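# Breakdown of the fold
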Amino acid sequence: MHEQRSEKRLSPSSDTEDSGDMSRLLAPRLAYFAGVARTEHVTRAAQEMHVPQSTLSRAMVRLEQDLGIDLFARRGRTVSLTPAGRTFLASVERALAEIERAADEVRADADPATGKVAFGFLHTLGSETVPGLIRAFRADHPRVRFSLVQNYGEAMIERLRSGELDLCLTSPVPDAPDLVARRLDEQKLRLVVPADHRLAGRRRIRLAEAADETFVTLEPGYGLRRITDDLCGRAGFRPRVAFEGEEAETLRGLVAAGLGVALLPPPAVARPGVVELTVTAPRAAREIGVAWLDGHPDTPPVAAFKRFLLSKRGTLLPN
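Please read all numbers here as calculations on a predicted model, not as lab measurements. (Residues numbered from 1 in each chain as written. Predicted model: local features only at pLDDT ≥ 70, side-chain atom pairs only at ≥ 80, totals over all residues. Heavy atoms only, no water.)

## Side note on the confidence of the model for the chain
Where we set the bar: Looking at any residue, its pLDDT shows the predictor's confidence there, from 0 to 100. Only heavy atoms matter for contacts: two residues are in contact if any of them lie within 4.5 Å across the pair.
Across the chain, the average pLDDT comes to 90, with 93% of residues at 70 or higher. Residue range residues 1-17 is modelled with pLDDT below 50. Its contacts to residues more than four positions away, or to other chains, number 20 contacts.

## Details of unusual backbone geometry
The following threshold applies: Counting from the N terminus, the helices are the DSSP runs of H or I reaching at least four residues and the strands are the DSSP runs of E reaching at least two.
Cis peptide bonds are those with omega within 30 degrees of zero, and the linkage from Ser171 to Pro172 qualifies with -5°. Along the chain, Pro172 turns up in the loop between strand S5 (167-170) and strand S6 (179-188). With an omega of -10°, the peptide bond between Ala281 and Pro282 qualifies as cis. Mapped onto the elements of the fold, Pro282 is located in the loop between strand S12 (274-281) and strand S13 (285-293). With phi around 55°, Glu40 is a residue other than glycine that occupies positive phi space. Locating Glu40 in the fold gives a position in the loop between helix H2 (22-39) and helix H3 (42-49). Notably, His50 is not glycine yet its phi reads approximately 60°, a positive angle. Summarising the element assignment, His50 is placed in the loop between H3 and helix H4 (53-67).

Right, dumping it as structure tokens:
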């Protein structure tokens, strides 16, 4: 019985078998239907929509055939909606209004003067670096809007791939065939110790001297965690991790509380309770780069911001 009912709903010329395909089948005719329903006259609707009357008439016949129900009562070229037609029109008008709203939104996002940039960046760049970048960019593009996302590197790369982000500042600089990445700057890392720590009187340190210390680090999957593990490995030891977190300033708080030491980029504002030591060996630094999806077309505001970021090579980070 279900198969027989489905056959009646579809026109004989349609090879569509699944009722889930009805939206694709009906969509091209919905605007035509709304135009005829509004004017209740095929000729007038054809003139308003700038289509041949014969095209419009055939489209309405096919629409009714595909639905398996009469939408119009016809009197020559004048038509009026049936009860089913009125029910259908209410939903069609909502659908067309939503499509128009979506079209307006994407056009607005691509506008060169007032468009939007979806920009991701590391938490550690959020307090000083990114606000300064956006402020400098908006000096020449004052009405461009930003959708800002703070996250760790791997999560931002996935959001690039899904189309949720246009650009991201991340570390390490990714190397993947579907991405384009450019190194912009380098940020030195310091060994952060509690103010009353045995090493707190030092200014410089070889990382190997902290081999017996307890470390607090970011969680696995974070770029800074991979860099920490790598630097400790190059210094000849595997860090003994007591606490794992998601944000660098939280780790500084744990260090200040005497719960361990950490390798971290410099803070925007000095934090009491800790001392930050320059690491002399191995060379402790991380590269910061910008990445985007290869082959992904840029809107004018995204292209402008990309050019701006690339112009900041070597000067991205504050001294």
